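These are the residues of each chain, in order.
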Amino acid sequence: MSAADPAAGKALFQANCASCHNVHKKLTGPALAGVEGRWADKKLLHAWIKNSQKVLATGDKYANDLYLAYNKTAMTSFESFTDADIDNILAYVADEEKKGAAGPKVEGTATAAAADDSSSNSLIFGIVTLILAVVAIILMQINSNLHKLAADKTGDKVPEPVPFYRNKAYIALVIVILFMVGGYFTIQGAIGLGRQQDYMPEQPIFYSHKVHAGINQINCLYCHSSAEKGKVAMIPSENVCMNCHKAINEYTGPDLFTAEGKKVNGTAEIHKLYDAIGWDASAQKYTKPGKPIEWVKIHNLPDHVYFNHSQHVVAGKVQCQTCHGPIQEMDEVHQFADLSMGWCVNCHRTTKVQFADNKYYSIFEKLHEDIKNKKIDSVTVEMVGGTECQKCHY
């Protein structure tokens with residue numbers, strides 16, 4: 001009989017078992033460390049892995065107790081596995097058990113480094129500006145003293161200078177500057193009413209898009225499924241979160257930090273989700289009524305503005321990052337664009353639509369004809385009515 005191969009067992013384990021089992025901790029199923037010692041008969045363990053329901057039907061006490069302990073969750077059958085395959089998996093489990101549960105740690109974060117960079121740049125610019133201002137004042141004083149020395153040498157009488165606060169030209173200039181600066185800020189303030197670019201509220205649970213959409217490559221539409229089907233992108237229900245977090249109850253990724261630099265305990269944040277939905281991670285079942293998580297809305301448009309996600313995502317083929325920025329790099333989401341009318345209109349004027357092979361635009365026969373006759377090479381949103389008032393203001 002040939003020795004079991006842990007490397008072959010690792011490949012089989014990751015492809016078939018890792019979604020429900022971990023060697024060192026309990027997920028949907030029990031931790032597998034020491035699994036061979038828990039079964040009295042290795043043949044019975046093989047039979048359990050191949051078809052657990054057949055073993056339960058024999059009335060085996062350990063098998064039935066295990067089934068009840070995990071809320072009668074049926075284990076997937078692997079009847080295609082040979083005994084050699086199962087021995088390879090068990091060899092891999094034994095090998096991992098010897099190594100222990102410790103894993104590599106990732107030190108530091110790009111966000112913290114970027115924040116340090118930005119603040120050190122601001123400090124340098126501030127110091128340089130202060131030095132230049134001091135040099136300018138010194139040069140002005142030197143120039144004034146040289147004029148005075150030259151006048152004394154030639155015997156010319158130097159008139160007493162008019163104080164700054166009594167000089168009419170200076171007073172008029174200051175009034176004009178103040179008027180222009182005040183007008184600029186007043187206009188900018190009025191234009192910006194209701195806008196909240198860079199708005200980043202604190203959420204009840206620290207949810208990192210960088211971890212989910214960036215590191216783990218979860219598609220945006222998995223959570224925000226209505227973005228391609230309806231007007232709003234939808235905040236996913238807690239049940240969507242639990243599709244993964246029934247099995248993932250511990251955070252083991254890179255260190256997490258708030259915008260203020262405070263370190264976040266990722267595992268504690270997962271357990272906030274469990275508390276909200278009433279999930280008991282130890283018992284692997286819901287033990288109390290759930291309550292809604294009060295997420296704070298970030299992106300808001302005025303009530304008189306019509307915006308349809310599905311039209312942009314499906315017909316326009318617009319990527320999420322166009323409006324939401326590099327969302328896959330954000331630990332805490334903030335509003336990337338100002339979402340002003342000018343910002344939207346400029347986008348509509350310059351953005352080309354996927355016009356060919358897109359049934360949404362089949363009614364624009366003249367534009368299709370112009371493309372065919374090479375009169376135009378592309379179509380922008382503006383050309384299909386994207387800057388008409390009634391398009392967004394209904």
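Computed from a predicted structure; not experimentally measured.

Enquirer: Tell me what's going on with the layout of surface pockets, and back it up with residues and numbers.
Expert: The volume enclosed by the second largest pocket comes to roughly 550 Å³. Secondary-structure elements contributing two or more residues to the lining of the second largest pocket are α2 (35–38), α3 (42–50), α4 (52–57), α5 (61–69) and α6 (83–99). Residue classes in the lining of the second largest pocket are distributed as 21 nonpolar, 9 polar and 1 charged.

Enquirer: Give a detailed account of the packing of aromatic side chains, specifying residues and quantitative values.
Expert: Scanning all chains against the criterion turns up 10 aromatic pairs. Between Trp39 and Trp48 the ring centres are 5.4 Å apart and the planes differ by 45°, which places this aromatic pair in the tilted class. Classification of Trp39 by relative accessible area gives buried; the value is 7%. Linked through ring pairs, Phe355, Tyr360, Tyr361 and Phe364 together constitute an aromatic cluster.

Enquirer: Any details on the nonpolar core? Residues and values, ideally.
Expert: In this structure, Trp39, Trp48 and Ile49 are the most contacted members of the largest nonpolar core, which totals 21 residues. Elements with a contribution of two residues or more to this core: α3, α4, α5 and α6. With residues near it in sequence (within four places) discarded, Trp39 still touches Leu44, Leu45, Trp48, Asp60, Tyr62, Ala63 and Leu66. With 10 residues, the next largest nonpolar core counts Met242, Ile270, Tyr274 and Ile277 among its residues.

Enquirer: Could you give me a rundown of the environment of Lys359, with the residues and numbers involved?
Expert: Mapped onto the fold, Lys359 is located in the loop between α15 (341–350) and α16 (365–372). As for Lys359 and Ala315, which are separated by 44 residues in sequence, their C-alpha atoms are 8.5 Å apart.

Enquirer: Quick rundown of the packing of helix α1 (residues 6–16) against α6? Include the residues and the values.
Expert: Viewed as axis vectors pointing N to C, α1 and α6 meet at an angle of 95°, and their least axial separation amounts to 7 Å. For the element pair α1 / α6, the angle class is roughly perpendicular. Where α1 approaches α6, its residues Pro6, Ala8, Gly9, Lys10, Leu12 and Phe13 are matched on the opposing element by Asp85, Asn88, Ile89, Ala91, Tyr92 and Asp95. Each residue belonging to the contact of α1 with α6 can be placed in one class, and the counts come to 7 nonpolar, 2 polar and 3 charged.

Enquirer: Can you lay out helix α11 (residues 238–245) for me, pointing to particular residues and giving the numbers?
Expert: Of all the residues in α11, the buried ones are Glu238, Val240, Met242 and His245. Check the buried side of α11 and you find it contacts α9 (209–215), α10 (220–223), α12 (266–277), β3 (279–280) and β4 (285–286).

Enquirer: Requested: an account of the pattern of salt bridges, with residues and values cited.
Expert: Tallied over the full model, the rule gives 14 salt bridges. Its salt-bridge partner being Glu79, residue Lys54 comes within 3.7 Å of it at the nearest N-O pair. Highlighted residues: Lys54 in helix α4 and Glu79 in the loop between α5 and α6, separated in sequence by 25 residues. Residue Lys54 is classed as exposed on the basis of its relative accessible area, which comes to 54%. A relative accessible area of 52% places Glu79 in the exposed class. In this structure, the salt-bridge partner of Asp275 is Lys288, at a minimum N-O distance of 2.8 Å. Note that Asp275 is positioned in helix α12 and Lys288 in the loop between β4 and α13 (309–315), a separation of 13 residues in sequence. Owing to a relative accessible area of 37%, Asp275 belongs among the partly exposed residues under this scheme.

Enquirer: Before we move on, can you summarise a nonpolar patch on the surface with the specific residues and values?
Expert: A contiguous nonpolar surface patch, about 1,000 Å² in accessible area, is contributed by Leu123, Ile127, Leu130, Ile131, Val134, Val135, Ile138, Leu139, Ile142, Leu146 and Leu149. Relative to the elements of secondary structure, Ile138 occurs in helix α7 (residues 110–154).

Enquirer: Mind laying out unusual backbone geometry, listing which residues take part and the relevant values?
Expert: The phi dihedral of Asp198 falls on the positive side, at around 70°, and the residue is not glycine. Positionally, Asp198 belongs in the loop between α8 (168–191) and α9. Despite not being glycine, Gln284 has its phi angle at roughly 55°, a positive value. Along the chain, Gln284 turns up in the loop between β3 and β4.

Enquirer: So what's going on with the side chain of His212? Residues and values would help.
Expert: Note that His212 resides in helix α9. Here Ser208 takes part through its backbone oxygen, which lies 2.8 Å from a polar atom of the side chain of His212. When sequence neighbours within four positions are dropped, the list of residues in contact with His212 reads Tyr207, Gln217, Ile218 and His245.

Enquirer: So what's going on with the packing of α11 against α12? Residues and values would help.
Expert: Where α11 meets α12, the axes come as close as 11 Å, and the angle between the chain directions of the two elements is 125°. Taken together, the axis directions place α11 and α12 in an arrangement best described as oblique. Viewed along their axes, α11 and α12 form a crossing whose handedness is left-handed. From α11, Glu238, Asn239, Cys241, Met242 and His245 reach across to α12, where they touch Ile270, Leu273, Tyr274 and Ile277. Among the residues forming the contact of α11 with α12, the class breakdown is 6 nonpolar, 2 polar and 1 charged.

Enquirer: Before we move on, could you go through the environment of Leu90 and cite the residues and values that matter?
Expert: Locating Leu90 in the fold gives a position in helix α6. Residues Leu90 and His393 lie 303 residues apart in sequence; the distance between their C-alpha atoms is 64 Å. The contact partners of Leu90, leaving out residues within four places of it in the chain, are Val35, Glu36, Lys42, Leu45 and His46.

Enquirer: Could you give me a rundown of the environment of Phe355, with the residues and numbers involved?
Expert: Summarising the element assignment, Phe355 is placed in the loop between α15 and α16. Each C-alpha atom, one on Phe355 and one on Val181, is 46 Å from the other, the two residues being 174 residues apart in sequence. Setting aside chain neighbours within four positions, we find Phe355 in contact with Tyr361, Phe364, Leu367, His368, Ile371, Val379 and Val384.

About the criteria used
Residues numbered from 1 in each chain as written. Predicted model: local features only at pLDDT ≥ 70, side-chain atom pairs only at ≥ 80, totals over all residues. Heavy atoms only, no water. 1 Å grid on protein atoms, 1.4 Å probe; cavity = no way out; pocket = protein on both sides within 12 Å on 5 of 7 lines; lining within 4 Å. Points joined across faces, edges and corners; volume = space filled by probe spheres on them. Helix = DSSP H or I, 4+ residues; strand = E, 2+ residues; numbered from the N terminus. Nonpolar A, V, L, I, M, F, W, Y, C, P; charged D, E, K, R; others polar. Phe/Tyr/Trp six-rings, centres within 6.5 Å; stacked < 30°, edge-to-face > 60°. Buried < 20%, exposed > 50% of the residue type's maximum accessible area, 1.4 Å probe, protein only. Core = buried A, V, L, I, M, F, W, Y, C linked by side-chain atoms within 4.5 Å. Contact = heavy atoms within 4.5 Å. Axes fitted to C-alpha atoms, helices over the stretch in contact; angles between N-to-C directions. Parallel < 35°, antiparallel > 145°, perpendicular 65-115°, else oblique. Salt bridge = Lys/Arg side-chain N within 4 Å of Asp/Glu carboxyl O. Patch = residues over 30% accessible without salt bridge, like charges linked within 9 Å, V, L, I, M, F, W, Y side chains within 5 Å. Areas by Shrake-Rupley, 256 points an atom, 1.4 Å probe, with all protein chains shown as cover. Polar contact = N/O pair within 3.5 Å; in protein donor to acceptor, adjacent residues only side chain to side chain. Left-handed = near helix turned anticlockwise from the far one by under 90°.

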